[in-house]
Amino acid sequence: MVIFSGIQPTGRKHLGNYLGAITQYVEGQDRADPAIYCIVDLHATGVAYDPAALPGFVLDTTAMLLAAGLDPERCILFRQSDVKEHAELCWMLSSVTPYGDLQRMHQFKDKSAREQQLVRTSLFLYPVLQAADILLYRTDEVPVGEDQRQHVELAREIARRFNSTYADVLVEPEVRVPPVGARIMDLQDPTAKMSTTYGTDAGLVYIDDEADAIRRKLKRAQTDSGSEVVRGPDKAGVSNLIEILAVARGAAPEDVEREFGGQGYGAFKQAVGEAVVALLAPVRERYLELRADEAALESTLAAGADRARAIATGVMADVREVMGVGPRV
Ligand code: TYM
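Keep in mind that what you see is a predicted model, and the values were worked out from it rather than measured. (Residues numbered from 1 in each chain as written. Predicted model: local features only at pLDDT ≥ 70, side-chain atom pairs only at ≥ 80, totals over all residues. Heavy atoms only, no water.)

Draft legend 1. Geometry of the pattern of salt bridges. Taken as a whole and judged by the stated rule, the model has 31 salt bridges. In this structure, arginine 12 and aspartate 209 form a salt bridge, with 3.4 Å as the shortest nitrogen-oxygen distance. Note that arginine 12 is positioned in the loop between strand S1 (3-7) and helix H1 (15-28) and aspartate 209 in the loop between strand S5 (174-176) and helix H9 (211-219), a separation of 197 residues in sequence. Judged by its relative accessible area of 36%, arginine 12 is partly exposed. A relative accessible area of 9% places aspartate 209 in the buried class. Arginine 215 is the salt-bridge partner of glutamate 274, the closest N and O atoms lying 2.7 Å from each other. Of the two residues, glutamate 274 sits in helix H12 (residues 265-291) while arginine 215 sits in helix H9, which places them 59 residues apart along the sequence. A residue is classified by how much of its surface remains accessible, and arginine 215, at 32% relative accessible area, is partly exposed. A single salt-bridge network, built from bridges that share partners, covers Arg12, Asp201, Asp208, Asp209 and Lys217. (Salt bridge = Lys/Arg side-chain N within 4 Å of Asp/Glu carboxyl O. Helix = DSSP H or I, 4+ residues; strand = E, 2+ residues; numbered from the N terminus. Buried < 20%, exposed > 50% of the residue type's maximum accessible area, 1.4 Å probe, protein only.)

Structure (structure tokens):
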């Protein structure tokens, strides 16, 4: 079984990325053959960005994933732009992607509305490049958070349309969204998802935040006027904290509700803070160590790209052949 997922190298990654996606990547290493994880630097060029900072962001994300438990012996970890077939397959797949489907993508609608100067065609094509990432490895399963579900469903439709238009050479992937922690919300505005692009510093816990910053942010997290530690539609803040504690401890949300039922928000928020610190402090420590050795990170990525390319070139040859692109074979 092939597992594939991608992550953007946009600055620092946060608790939502960690609980919704990265823990699934780590777990996937034991189930997949192979588990493939890609740092998607080409996707990062779809909005205004700093070209001088991007290579360093890729190394930040690489070190973060290794610190969280990815093991290059048990997975393929690489940088998207090192395997040129991603861009090539994106173009090929755009021939079976309806324009209207791309206009309906939530992420395109949100991000294009917020871009001040220029809505880039690459932002519009973003989901097609994401489909290329996935389909290039004949992926069976794609672990992501809830916000990426629509993109993976589009990748399924693109695979289906490609196979029925040309020939059956691509695999329709399944999306894997965790039952708890798939949509971690902003600590200051629990009606919005935790996001580096739109959130404020106080609303986000970064994976490499210091312990005291994590404690402070959770202590100040927005709750509601009640005092019951239970999930509910009018209790977005508390529901979010219950989910965070449940995933951080590997427990069920019901267990958290039972344990903190009789206690007020103060003790509960403190427990969430301690659990998140216990989860992230070792990751931060390993991150700082790994991040210091850029040559080692680059060589991990280069070795990963060689392994990824070995798979990608075979699939790409099939795609070119059935599309009639290139010399007759
Ligand atoms: P990115 O880099 O924004 O996020 C990486 C992963 O983190 C998940 N995530 C969350 N999970 C829970 N709560 C949150 N608040 C939260 N915020 C983010 C995301 O769902 C994602 O799984 N388009 C992708 C990158 C990508 C990709 C791919 C993913 C490119 N190609 C192919 C899967 C397969 C993205 O921007 O993720």
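Draft legend 2. The nonpolar core, seen in detail. In this structure, Leu77, Ile244, Phe268 and Val276 are the most contacted members of the largest nonpolar core, which totals 55 residues. No other element matches the ten residues that H12 contributes to this core. Two domains share this core, each providing at least three of its residues, namely domain 1 (3-176 + 294-323) and domain 2 (201-289). With sequence-adjacent residues up to four places away left out, leucine 77 is seen in contact with Tyr37, Ile39, Thr62, Leu65, Leu66, Leu70, Thr300, Leu301 and Gly304. Core analysis: the next-biggest nonpolar cluster, separate from the first, contains 45 residues, Leu93, Leu102, Val152 and Met323 among them. (Core = buried A, V, L, I, M, F, W, Y, C linked by side-chain atoms within 4.5 Å. Domains from an automatic or database assignment. Contact = heavy atoms within 4.5 Å.)

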